[in-house]
2 protein chains.
Amino acid sequence: MDMHIENIQNDLKNDDIQAYLLTQFTNVEYISNYKPTSFAFCVIKENPIIYASSMDMEIAKNNSIIEVREYESFETMNEELKKEGIKRLAIEPSLPYGTYEKLRDDFEIASKTYVDKQRMIKTPREIENIAKATEIAQKSFMQLDILNNKNTEKEIAFDLVRFMIENGAEKESFDTIVTSGANSSLPHAIPQGKKLGQPILIDWGAKYNGYCSDNTRTMVYDEFQHEIWDIVAEAHDKAIKAIKPGFKCSEIDMISRDVISEYGYGDNFIHSTGHSLGLDIHETPGFSPRDDTVIEEGMVITVEPGIYLEGKFGVRLEDTVSISKKANVIGDLPLNIV
Amino acid sequence: MDMHIENIQNDLKNDDIQAYLLTQFTNVEYISNYKPTSFAFCVIKENPIIYASSMDMEIAKNNSIIEVREYESFETMNEELKKEGIKRLAIEPSLPYGTYEKLRDDFEIASKTYVDKQRMIKTPREIENIAKATEIAQKSFMQLDILNNKNTEKEIAFDLVRFMIENGAEKESFDTIVTSGANSSLPHAIPQGKKLGQPILIDWGAKYNGYCSDNTRTMVYDEFQHEIWDIVAEAHDKAIKAIKPGFKCSEIDMISRDVISEYGYGDNFIHSTGHSLGLDIHETPGFSPRDDTVIEEGMVITVEPGIYLEGKFGVRLEDTVSISKKANVIGDLPLNIV
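In this text the structure is predicted, and so the values were computed from the model without any measurement.

**Q** Just to check I follow, could you spell out the overall build of chain A for this structure?
**A** Tallying secondary structure elements over chain A gives 10 helices and 19 strands in all. Whereas a compact globule of 338 residues would reach a radius of gyration of roughly 20 Å, chain A reaches 22 Å, a difference of no more than 12%. Looking at chain A as a whole, 48% of its 338 residues are labelled buried.

**Q** Even after reading the chapter, I still don't get the environment of B:Pro305, so can you show me in this structure?
**A** Residues and elements named next belong to chain B. Of note, Pro 305 is situated in the loop between strand S15 (300-303) and strand S16 (306-309). Note: C-alpha distance between Pro 305 and Thr 216 (89 residues apart in sequence) is 9.9 Å. Those residues in contact with Pro 305 that lie beyond four places of it in its chain are Val 232, Ala 235, His 236, Ala 239, Ser 256, Ile 260, Phe 269, Thr 273 and Leu 317.

**Q** I keep staring at the packing of helix H7 (residues 124-143) of chain A against helix H8 (residues 153-166) of chain A and nothing clicks. Help me out?
**A** When two helices pack together, you describe them by how their axes are tilted relative to each other and by the distance separating the axes. Residues and elements named next belong to chain A. It is at 8 Å that the axes of H7 and H8 come closest, and there the two elements cross at 130°. Between H7 and H8, the interaxial angle falls into the category oblique. For H7 against H8, the interelement crossing comes out right-handed. Along its contact with H7, which presents Ile 136, Ala 137, Ser 140, Phe 141 and Gln 143, the element H8 presents Leu 160, Phe 163 and Met 164. Looking at the contact of H7 with H8, its residues break down into six nonpolar, two polar and no charged.

**Q** Is there a simple way to explain the domain arrangement of chain A in this structure?
**A** Accessible area lost upon the coming together of the parts serves often as the stated size of an interface. Residues and elements named next belong to chain A. Under the domain assignment, chain A is made up of domain 1 (3-120) and domain 2 (124-329). In this structure, domain 1 and domain 2 have C-alpha centres spaced 34 Å apart. Taken together, the contact pairs six residues of domain 1 with nine residues of domain 2. Those elements that place two or more of their residues in the side of domain 1 that touches domain 2 are helix H2 (25-32) and helix H6 (114-120). Its residues assigned to classes, the side of domain 1 that touches domain 2 shows two nonpolar, one polar and three charged.

**Q** So what exactly am I meant to see when it comes to the interface of chain B and chain A here?
**A** Residue-level contacts link 26 residues of chain B with 26 residues of chain A. Looking at the side of chain B that touches chain A, the elements with two or more residues in it are helix H3 (57-63), helix H5 (97-103) and helix H8 (153-166) of chain B. The element that contributes the greatest number of residues to the side of chain B that touches chain A is H5(B), accounting for four residues. Residue composition of the side of chain B that touches chain A, by class: 13 nonpolar, nine polar and four charged.

**Q** In this structure, what is going on with H7(A)? I would like to understand it.
**A** One turn of an α-helix holds 3.6 residues; hence residues three or four places apart share an orientation. Residue and element names in this part refer to chain A. Its 20 residues place the ends of H7 29 Å apart at the C-alpha level, agreeing with the 28 Å of an ideal helix rising 1.5 Å per residue. For H7, every residue scored as buried is listed here: Glu 126, Asn 129, Ile 130, Ala 133, Thr 134, Ile 136, Ala 137, Gln 138, Ser 140 and Phe 141. Following H7 by one or two positions, Asp 145 has its phi on the positive side, about 50°.

**Q** Teacher, can you tell me more about the relation of the copies chain B and chain A here?
**A** Between the two chain copies there is a screw-like relation: a rotation about an axis and a shift along it. Mapping chain B onto chain A calls for a rotation angle of 180° and an axial translation of 0.0 Å; the resulting RMSD is 0.0 Å. The operation mapping one copy onto its partner corresponds to a two-fold rotation axis. When each C-alpha of chain B is compared by its distance to the rotation axis, B:Pro96 comes out closest, at 2.3 Å. Looking at chain B, 100% of its interface residues are interface residues in chain A too, so the copies touch through the same face.

**Q** Is there a simple way to think about the nonpolar core in this case?
**A** Core analysis: the largest hydrophobic core is formed by 183 residues, its most contacted members being A:Ala19, A:Cys42, A:Ile50, B:Ala19, B:Cys42 and B:Ile50. Every residue in contact with A:Ala19, bar those within four places of it in the chain, is listed here: A:Val43, A:Ile44, A:Lys45, A:Leu81, A:Ile86, A:Leu89 and A:Ala90.

**Q** So what exactly am I meant to see when it comes to the environment of A:Leu160 here?
**A** Residue and element names in this part refer to chain A. Tracing the backbone shows Leu 160 in helix H8. What makes Leu 160 buried here is the crowd of 24 C-beta atoms within 10 Å. Between the C-alpha atom of Leu 160 and that of Leu 144, which follows or precedes it by 16 residues, the distance is 6.7 Å. Contacts of Leu 160, omitting those with residues within four sequence positions, involve Ser 140, Phe 141, Leu 144, Thr 176 and Trp 204.

**Q** Would you mind going over the sheet that holds strand S7 (residues 171-172) of chain A with me for this structure?
**A** The strands making up a sheet associate through hydrogen bonds between their backbones, and the pairing can be parallel or antiparallel. All names here are of chain A. Spatially, the three strands line up as an open sheet ordered S7-S10-S11, and their pairing is antiparallel. Edge strands, defined here as strands with exactly one partner in the open sheet, are S7 and strand S11 (211-212). Across two bridges, strand S10 (residues 206-208) lies against S11 in antiparallel orientation. Bridge pairing in S11 links Lys 207 to Cys 212. Packing against the sheet, H7 makes contact with S10 and S11, and its axis sits at approximately 140° to S10.

**Q** What should I look at first to understand the sheet that holds strand S9 (residues 200-204) of chain A in this one?
**A** Residues and elements named next belong to chain A. Sheet architecture is open: three strands sit in the order S8-S9-S12, paired in antiparallel fashion. Looking at which strands have only one partner, the edges of the open sheet turn out to be strand S8 (177-180) and strand S12 (215-219). Between one strand axis and the next, the sheet turns by 10° as a mean value, whatever way the strands run. As paired strands, S9 and S12 are joined by five bridges and run antiparallel to one another. Bridge pairing in S12 places Asp 203 opposite Thr 216. Across the sheet, H8 lies against S8 and S9, angled at about 150° from S8, the strand it touches most.

**Q** Sorry if this is basic, but what is going on with helix H9 (residues 223-242) of chain B here?
**A** All names here are of chain B. Between its terminal C-alpha atoms H9 stretches 29 Å, which fits the 28 Å expected from 20 residues at 1.5 Å a residue. By the burial criterion, the buried members of H9 are Ile 228, Trp 229, Ile 231, Val 232, Ala 235, His 236 and Ala 239. The arc that holds the buried residues of H9, viewed along the axis, is 160°, so those residues lie on one side. For H9, exposure combined with an orientation more than 90 degrees from the buried face picks out Glu 223 and Lys 241. Looking at the packing, one finds that the buried side of H9 touches strand S12 (215-219), helix H10 (249-262), S15, S16 and strand S17 (313-316).

Cut-off values and rules
- Along each chain, residue indices are assigned from 1 in the same order as the chain's sequence is written.
- As a convention, the first chain written is A and the first ligand written is 1, with the rest following in written order.
- Local features in a predicted model are, by the rule used here, given only for residues with pLDDT of at least 70; side-chain atom pairs are given and counted only at 80 or more, and totals for whole chains, interfaces and linings are based on all residues.
- Each helix corresponds to a stretch of at least 4 residues labelled H or I by DSSP, and each strand to a stretch of at least 2 residues labelled E; elements are numbered beginning at the N terminus.
- The atom set for the radius of gyration is the C-alpha atoms, and the globule formula is 2.2 Å times the number of residues raised to the power 0.38.
- Partly exposed residues are those whose C-beta has more than 12 but fewer than 20 other C-beta atoms within 10 Å; with 20 or more the residue is buried, with 12 or fewer it is exposed, and the C-beta atoms are placed from the backbone.
- Contact definition: two residues whose C-beta atoms, as placed from backbone geometry, lie within 7 Å.
- Angular values range over 0 to 180 degrees, each being the angle between N-to-C directions of two axes fitted as lines to C-alpha atoms, with helices fitted over their stretch in contact.
- Should an angle fall under 35 degrees it is taken as roughly parallel, and over 145 as roughly antiparallel, whereas 65 to 115 is taken as roughly perpendicular and any remaining angle as oblique.
- Handedness of a crossing follows from how the near helix is turned relative to the far one, being left-handed for an anticlockwise turn of less than a right angle and right-handed for a clockwise one.
- Residues were grouped as follows: Ala, Val, Leu, Ile, Met, Phe, Trp, Tyr, Cys and Pro as nonpolar; Asp, Glu, Lys and Arg as charged; and all remaining residues, including Gly, as polar.
- How far each domain reaches was decided by an automatic or database domain assignment.
- Multiply 1.5 Å by the residue count of a helix minus one, and that product is the helix's expected span.
- Copy-to-copy superposition: least squares on the C-alpha atoms, limited to residues that have pLDDT of at least 70 in both copies.
- Buried Ala, Val, Leu, Ile, Met, Phe, Trp, Tyr and Cys residues form a nonpolar core when they are connected through C-beta atoms within 7 Å.
- A pair of strands is labelled paired if DSSP reports no fewer than 2 bridges between them.
- By construction, the arc corresponds to the directions joining the helix axis to the C-beta atoms.

Have a look at this one:
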């Protein structure tokens, strides 16, 4: 039996729960190697089983390391599980309420994050995939020749995705952000059909073997933009230097936040300092004021402080680090693109 | 006050519920004109309000027709709502269980589909957007010159997306499927880095003004493939002809399913006959054996029967229809690409 599954079985035993239902696609993929395309109910218990959609039966049978059965109805599934003696059923916090309603009369429900907990710590193979995704994304970024680029934001975003795919990515790991001028003050700006203004902010990533990369670079021009850039770079560097197993995630957030606050821009840093990534672009834990998770070896987390001046511009600088005794920046793209 | 909001307020009054919490991005967008990029709690009540992420405040204030407040915490939000006398709170079935846990101690929770119900019936403006998305997608498909195309599945999928964006789409409305040969028996196949085999199945759509299109065409070659294609085309045509307000969705599914079953391929039609679309690529109702929703004017639903022969090939043909007195196929792309 697979190690990830054994770990869950142990968690279940400790919590006196008979089964854990997974429906989040990346959780099912992580545990079974089969990635659902429409829906799936993956039940980890003594004999794990996946109830797959009829549409997915072929792909599930080909890829899953867990037995696959065709899903018919909640009634059938619940009956089968009850017959096996399952009374307490663990679910993921992401389970839709409507699905919970189909289960709550048959089982005692407990919300658990057994899989998220395992996914926090990346295996060497997972880190390799993230590193490869990052390598592809950064190489593609350089191919853009951004400083001499006369295309629109939208065209540049599209070129970047094309380069990533040509360089071996499955796809972009999230909607590519190419924004410039005043729009760069929107953390999740959508590329527009207009030529580049100043500054230029690009937030992009590739997906490789299912794994995501995530970087942001901002190219600044006038003196004020440079001043803001320097503050963000200082916050970025100090946070990365401080990352060590044993510290709390919130403490790392505080380090970058303090830098920005000292310069008087605390209110303009409107998001967390970073998030984990892996099969999903946003995973736990994150460098957030509210996340007291203790940093461990094997975590892969982004560091992305930013300053957003509404109506003027924004600067964000983002790298992804893998954590051993210290934080190792993944990839080798300079922070300062000149 | 906007009509959609008034309708919800009436639903709430009838059900003796004081507020409806929306978190699904497209529901928030549908009601408020602001599309969240990270998270939002949109509360429809006497005085509707959106608790938006700090990251989204600028874009929310610019776009929302509803008052926007910065989200701080569940505690603050729940307290504010309780002070206004909110006791019973409606939620969407899609609400994550983890969010429900943050609400259940403060409110009596009821799962409601008030917004889905409204979204079932498209306004003329919505239908125009879907028609425009379809026009862009179909024009782009023809630019592929698929029968003379020497590229790989992956490259063709990428070209199709590029054409759609050049023709005015925001993006693809879902991961473009270009599949061929034996892989075409997977309803949700992923384009591979190999030259086209036979048959060729392409399932694609554009997004325009937030609205999705959805079509599938299969290009067949040998006699057996043609035989299967003819059956699927018959199921497609008969279902579309039968669609009329007053019928149940399940009855339309049965019509296409019966055609395919009569030829002996019932077990190879492994999904529903169709789904609604709009801001989301999959909406309710659907032409499914289990959906007894009565068809009404203004619905926009796909018709996409298919036959999947594991290890051999698959054929699927899909058009989107808007329903008035009868079903009007959106777009003018022939079913038979030669």
